[in-house]
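# What the coordinates show
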Amino acid sequence: MKLFLQKKSLYRVLFLLVVISGCSVSKNPLRKQVKLLQKGIIKDDTSYVYSLPYEEGKTFRVIQGYFSRFTHKERAALDFNMKRGTKILAARGGVVVRVKEDGTLGGLKKKYRSHGNNIVIQHDDGSRAGYWHLQYNSAEVQVGDTVKQGQLIALSGKTGYAFVPHLHFLVWRSGGGQWQQIPTRFQTSKGIKYLRSWKRYKRKAD
Ligand SMILES: [Zn+2]
């Protein structure tokens, strides 16, 4: 009996080790680069300055940042915690290339993934921004529309693979068979920044 218990606790330790190693950080070299940009150790003053994707004066918390360990391990993406129905504004102007707004379900189940309502906007340099988990039937734009930075595009929600209502925002470039994720800097009430997990950011008046 004693041996059995010891074995059981040994298994528990092994299980934990597997879990911890499974949560090891991404080896993507972008991860390190982003860290240095966030800390200001590397300076970047040429890339595009995005607006926070919500209304002026509003403040939201980043609950998952770039390459964080939960669902962004390999993603240069940001999750803004916000209740359903929050107005989502274009972080950068461009042309709408994708709108999905017919998804109704959301939660932490793989089968909900295909329900993730989203809008994708292509910018003039060929990069694209994606806005995910939007509320059912809330899109204010259509494919082909030209949108300005700060224009209302939809309402936030919890559709698709989502633990809580939030906006998942990411920028990438594809072409030549290459998929490249792009961490971006934002104008905030405290200056231009690369956003970090667990911090709150206020959008100041432009
Ligand atoms: Zn996310």
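Below is a short write-up of the structure. (Residues numbered from 1 in each chain as written. Predicted model: local features only at pLDDT ≥ 70, side-chain atom pairs only at ≥ 80, totals over all residues.)

## Topic: the pairing of strand 13 (residues 178-181)
- Taken together, the four bridges between strand 12 (residues 166-175) and strand 13 define a ladder with antiparallel strand orientation. When the sheet's bridge partners are listed, R173 is paired in strand 13 with Q180.
- Between the antiparallel neighbours strand 12 and strand 13 lie two residues, among them G176 with a positive phi of about 65 degrees. (Pairing = 2+ DSSP bridges. Helix = DSSP H or I, 4+ residues; strand = E, 2+ residues; numbered from the N terminus.)

## Regarding the nonpolar core
- With 36 residues, the main nonpolar core has I88, I119, Y131, L134, I153, A154 and F169 as its most contacted residues.
- Among the elements of the structure, helix 2 (29-39), strand 2 (59-64), strand 3 (77-81), strand 4 (87-89), strand 7 (118-122), strand 8 (128-132), strand 10 (152-155) and strand 12 are those that each provide at least two residues to this core.
- Ranked by the residues each element gives to this core, the list is headed by strand 12, at four residues.
- Beyond its immediate chain neighbours, meaning those up to four positions away, I153 contacts I88, L89, A90, I119, Y131, A139, E140, V141 and V147. (Core = buried A, V, L, I, M, F, W, Y, C linked by C-beta atoms within 7 Å. Buried ≥ 20, exposed ≤ 12 C-beta atoms within 10 Å, placed from the backbone. Contact = placed C-beta atoms within 7 Å.)

## Here we look at the environment of Q38
- On the secondary structure map, Q38 appears in helix 2.
- Taking the number of C-beta atoms within 10 Å as the measure of exposure, Q38 has 19 and is therefore partly exposed.
- The spatial distance from the C-alpha of Q38 to the C-alpha of Y194 is 5.0 Å, given a sequence separation of 156 residues.
- Among all residues touching Q38, those that are not within four sequence positions of it are Y194 and R196.

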